[in-house]
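Chains, contacts and geometry: an overview
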Amino acid sequence: MIERIWSGRSPLWLLLWPLSLLYGAISSLIRLSYQRGWRKSWRAPCPVIVVGNLTAGGNGKTPVVIWLVQALQQRGLRVGVVSRGYGGKAERYPLLVTADTPTSQAGDEPVLIAQRTQAPVAVAPQRRMAVEGLLAAQELDVIITDDGLQHYALQRDREIVVVDGVRRFGNGWWLPAGPMRERASRLQSVNAIIVNGGEAQAGEIAMTLRPGKAINLVNGETANLDQLPETVAMAGIGHPPRFFKTLQQHGIQPVAEIAFADHHAYSEEELQRLTQAHQCLLMTEKDAVKCRSFARNNWWYLPVDADLSGASLDALLDDVTQLCTTTRDARSR
């Protein structure tokens, strides 16, 4: 239902329109208050790159963060990542995340990023606290924030926005009548626009999610998707249909497609009930980080990598690299 409302296919969005005007007025006032200096923002001693979005729901930010971390690591930069750690609750903050940190403390996305990149990751309700925790632990050339485009209390040097190329901006209205956190005009002030799926427009960087081999949660065995037995697919991400569509595009027709809420906290009993003895359970990598401690032999996950292309891609990486090296050299003088 919410997809129909946000897309404009249902007239119910008109009932929510007054609340959208209120949301837009408040969010615009917050941004203006930082721009005018009425509220103080904090600048980190090293460059900060924000990877965020304008809309609610999953757009593919985390694969972009992983891609960006790895691309900058290959250029010799020391990269850290900060996140609010949605879905996790630690005893104290900032929490320095490792590949073995429980998702109940850090949230699923920070643990996934730490596992895939081996980069230092920190979470805290206030991103400044997470940045300070990382920099107290080690020297870094750049910090990437997973989400946080609207977190204006933290100054940023570059902004990258990820757009769902199929859904784009729906009816274009602010929450709750539409999907927008900020209006599409905000794109005029960002440094790069990455479009996940669909068709990229002029000046945008095209992105697709390239799946790898399925990986068994228990023993790490890998298999092509067509080697798996009868499959039940599940996804607890921002936009589960994207995962199911990926499977269909690669010739997999699951006997069931089960969608959970984003950041859902799974239980062993809950997932055991989803399959029969001759079936396998196939999930996203983001789901897998929450299920490894109680996984069964017939549980698999599908890792995906962001595959980016576009004339401005190299220019983006060159710009960020130059920013980081220039700042690093200035600090060392």
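Conventions and cut-offs
Along each chain, the written sequence defines residue order, and numbers are assigned to residues from 1. Local features in this predicted model are restricted to residues whose pLDDT is 70 or higher, and side-chain atom pairs enter the listing and the counts only when it is 80 or higher, whereas totals over whole chains, interfaces and linings include all residues. Hydrogen atoms and water are omitted, and side-chain values are computed over all heavy atoms in the structure. UniProt positions are given in the numbering used here, feature names are shortened, and annotations may be inferred rather than shown by experiment. Counting from the N terminus, the helices are DSSP H or I runs at least four residues long and the strands are E runs at least two residues long. Counted as salt bridges are all cases of a side-chain nitrogen of Lys or Arg within 4 Å of a carboxyl oxygen of Asp or Glu. Think of it in three bands: residues with accessible area under 20% of the maximum for their type are buried, residues over 50% are exposed, and the middle band is partly exposed, with areas taken using a 1.4 Å probe on protein chains only. Strand pairing requires that DSSP identify at least two bridges connecting the strands. Note on geometry: axes are lines fitted to C-alpha atoms, helical ones only across the stretch in contact, with angles between N-to-C directions running from 0 to 180 degrees. Only heavy atoms matter for contacts: two residues are in contact if any of them lie within 4.5 Å across the pair. Patch membership requires over 30% relative accessible area and the absence of a salt bridge. Like charges are linked within 9 Å, and nonpolar side chains (Val, Leu, Ile, Met, Phe, Trp, Tyr) within 5 Å. The Shrake-Rupley method, run with a 1.4 Å probe, gives the accessible areas here. Residue values count only the displayed protein chains as cover. Here is how to tell: hold the view so the strands point away, follow the path from the first strand over the helix to the second, and if it runs clockwise the crossover is right-handed.

**Description of the UniProt feature "transmembrane region" (unreviewed entry) in the protein chain**
- As recorded in UniProt, the sites labelled "transmembrane region" (unreviewed entry) are residues 12-34.
- Summarising residues 12-34: 96% helix, 0% strand, and an end-to-end C-alpha distance of 34 Å.

**Examining the pattern of salt bridges**
- The final tally for this structure, using the stated rule, is 21 salt bridges.
- As a salt-bridge pair, R128 and E132 come within 3.1 Å of each other at their nearest N and O atoms. Here R128 and its partner E132 are both found in helix α6 (residues 127-137), 4 residues apart, which amounts to about one turn of the helix.
- Overall, R128 belongs to the partly exposed group, its relative accessible area being 39%.
- The shortest N-O distance in the salt bridge between R167 and D164 comes to 2.8 Å.
- A relative accessible area of 21% means that R167 is categorised as partly exposed.
- For D164, a relative accessible area of 3% gives the class buried.

**Here's the deal with the sheet that holds strand β6 (residues 158-164)**
- The mixed open sheet is built from 9 strands, whose spatial order is β3-β4-β2-β5-β1-β6-β7-β8-β15. Two strands close off the open sheet at either side, each with one partner strand: β3 (95-97) and β15 (304-309). In this sheet, neighbouring strand axes are inclined to one another by 25 degrees on average, regardless of whether the strands run parallel or antiparallel.
- Examined bridge by bridge, strand β1 (residues 48-52) and β6 share 4 bridges and lie parallel to one another. By the bridge assignment, V50 is partnered in β6 with E159.
- Its contacts with the sheet put helix α3 (residues 61-74) on β1, β2 (79-83), β5 (142-146), β6, β7 (192-196), β8 (205-211) and β15, and the angle it makes with β5 is roughly 170 degrees.

**Here's the deal with the UniProt feature "binding site: ATP" (unreviewed entry) in the protein chain**
- According to UniProt, the feature "binding site: ATP" (unreviewed entry) maps to T55, A56, G57, G58, N59, G60, K61 and T62 in the numbering used here.
- Mapped onto the elements of the fold, G58 is located in the loop between β1 and α3.
- With a relative accessible area of 15%, G58 lands in the buried category.
- With respect to the element layout, N59 can be found in the loop between β1 and α3.

**Considerations on a nonpolar patch on the surface**
- A grouping of L19, L22, I26 and I30 is seen on the molecular surface, where their side chains present a nonpolar patch of about 350 Å² in accessible area.
- Its location among the elements puts I30 in helix α2 (residues 13-35).

**What to know about the pairing of strand β12 (residues 256-259)**
- Pairing of strand β11 (residues 231-235) with β12, which is carried by 4 bridges, proceeds in the parallel orientation. Looking across to β12, one finds that M234 is bridged to I258.
- This β-α-β element, β11 to helix α7 (residues 240-249) to β12, shows right-handed connectivity.

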